[in-house]
Amino acid sequence: MIGILYAIIIILANTIGAISGMGGGVIIKPIFDAIGADSVAAITFYSTVAVFTMSIVSTLRQRKNMTIQLGTAGLISVGAVIGGIMGNLAFEKLLLWLDSEATVQLVQIVIMLLTIGFAWFVSEGQHSFGWKTASAHLLVGLVLGFLASFLGIGGGPINVALLMLCFGMAIKEATVYSIITILCSQLAKIVTIATTTGFERYDLMMLFYIIPAAIIGGFLGATLSGRLSAKRVRLVYQFVLIFVLLINVYNGVGILLGW
């Protein structure tokens with residue numbers, strides 16, 4: 001039953017995540033946390049696989065909707081891969097250092113809330129640094145990859161916001177490059193897990209529910225994204241920000257009060 005429940009959540013989350021450019025993990029991770037059926041490490045892994053699968057499908061589908069600048073995508077992706085490796089290593093170190101899954105989860109929630117606040121501020125304004133250099137693209141990719149991997153969300157509110165702020169991208173363009181960044185950071189995370197801790201601590205049978213659901217969600221999200229106007233994409237983005245804010249606050253209060 002948990003597998004079926006996870007699959008339903010992933011289809012809905014990845015559909016919305018592909019439209020908004022956040023990746024489904026920003027919804028999957030806190031909802032799985034609230035369900036509480038698995039450990040923080042397992043939830044992070046399942047979310048990573050779901051978002052990685054979605055990002056492959058979405059990227060292939062989005063190529064039909066707009067032209068992707070390979071130079072820009074490549075530089076951001078390289079940074080995201082490096083950041084994804086660093087983020088996963090930091091997550092594993094934090095688990096060992098704090099020796100408490102609840103505390104690690106609380107740290108993730110606090111960082112998530114900060115990124116939501118930043119993302120809302122950027123989405124409401126017209127600010128842009130207009131950066132064009134290769135080093136800027138690498139740096140932004142590294143930051144996004146690190147946060148995506150460390151938080152176990154595969155992307156998150158900050159992706160689209162930071163791409164809009166730093167490079168002056170329109171929101172629909174930013175969502176596409178965000179998904180590409182997510183693909184690379186989550187690939188780096190999976191490879192890092194495979195070469196460090198391994199997959200033995202996870203119930204890999206759950207992937208038979210997770211992967212097909214992620215494919216469906218990625219296809220639906222990319223298809224709808226190509227049909228929606230920039231205004232509607234922005235509304236979806238802001239709706240997700242509010243939803244993720246509320247569920248993270250709920251999870252945070254639950255940890256503090258020992259629910």
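What comes next is a walk through the structure. (Residues numbered from 1 in each chain as written. Predicted model: local features only at pLDDT ≥ 70, side-chain atom pairs only at ≥ 80, totals over all residues. Heavy atoms only, no water.)

Turning our eyes to something else, we now look at the overall build of the protein. Each helix and strand counted, the protein has 10 helices and zero strands in total. Moving toward the C terminus, one meets the helices and strands of the protein in the order α-α-α-α-α-α-α-α-α-α. In terms of overall dimensions, the protein is globule-like: its C-alpha atoms have a radius of gyration of 17 Å, near the 18 Å expected for 259 residues. With the principal axes as the frame, the protein shows a C-alpha extent of 45 × 35 × 35 Å. (Helix = DSSP H or I, 4+ residues; strand = E, 2+ residues; numbered from the N terminus. Rg over C-alpha atoms; globule rule 2.2 N^0.38 Å.)

The next point concerns empty space enclosed by the protein. A full pass over the atoms with the stated rule returns two cavities of 30 Å³ or more. Looking at the largest cavity, it is lined by 10 residues, and the ones nearest its centre are Lys29, Gln108, Ile109, Leu151 and Asn248. Of all the elements in the fold, those that place two or more residues in the lining of the largest cavity are α2 (25–35) and α5 (101–124). When residues of the lining of the largest cavity are assigned to their parent elements, the largest contribution, four residues, is made by α5. When the residues that make up the lining of the largest cavity are grouped by side-chain class, the tally is five nonpolar, three polar and two charged. Counted as a void, the second largest cavity has a volume near 30 Å³. (1 Å grid on protein atoms, 1.4 Å probe; cavity = no way out; pocket = protein on both sides within 12 Å on 5 of 7 lines; lining within 4 Å. Points joined across faces, edges and corners; volume = space filled by probe spheres on them. Nonpolar A, V, L, I, M, F, W, Y, C, P; charged D, E, K, R; others polar.)

The subject of this paragraph is the pattern of salt bridges. Any two side chains of opposite charge can pair, so long as their charged atoms come close to each other. Overall, the coordinates contain two salt bridges when judged by the stated rule. Between Glu92 and Arg201 there is a salt bridge, with its nearest N and O atoms 2.6 Å apart. Placement of the pair is Glu92 in helix α4 (residues 70–98) and Arg201 in the loop between α8 (171–195) and α9 (207–227), with a sequence separation of 109 residues. When its relative accessible area of 15% is taken as the criterion, Glu92 is described as buried. (Salt bridge = Lys/Arg side-chain N within 4 Å of Asp/Glu carboxyl O. Buried < 20%, exposed > 50% of the residue type's maximum accessible area, 1.4 Å probe, protein only.)

Take a nonpolar patch on the surface next. On the surface, Met1, Ile4, Ile8, Leu12, Met205, Phe208 and Tyr209 cluster together to form a nonpolar patch covering roughly 840 Å² of accessible area. Mapped onto the nonpolar patch, the elements with two or more residues apiece are α1 (2–20) and α9. Here the nonpolar patch gets three residues from one element, more than from any other, and that element is α1. With respect to the secondary-structure elements, Ile8 resides in helix α1. A relative accessible area of 48% places Ile8 in the partly exposed class. (Patch = residues over 30% accessible without salt bridge, like charges linked within 9 Å, V, L, I, M, F, W, Y side chains within 5 Å. Areas by Shrake-Rupley, 256 points an atom, 1.4 Å probe, with all protein chains shown as cover.)

What follows covers the packing of α4 against helix α6 (residues 134–151). Here α4 crosses α6 at 35°, and the two axes come no closer than 5 Å. Handedness of the crossing formed by α4 with α6: right-handed. Here the residues of the contact of α4 with α6 sort into 14 nonpolar, 10 polar and no charged. (Axes fitted to C-alpha atoms, helices over the stretch in contact; angles between N-to-C directions. Left-handed = near helix turned anticlockwise from the far one by under 90°.)

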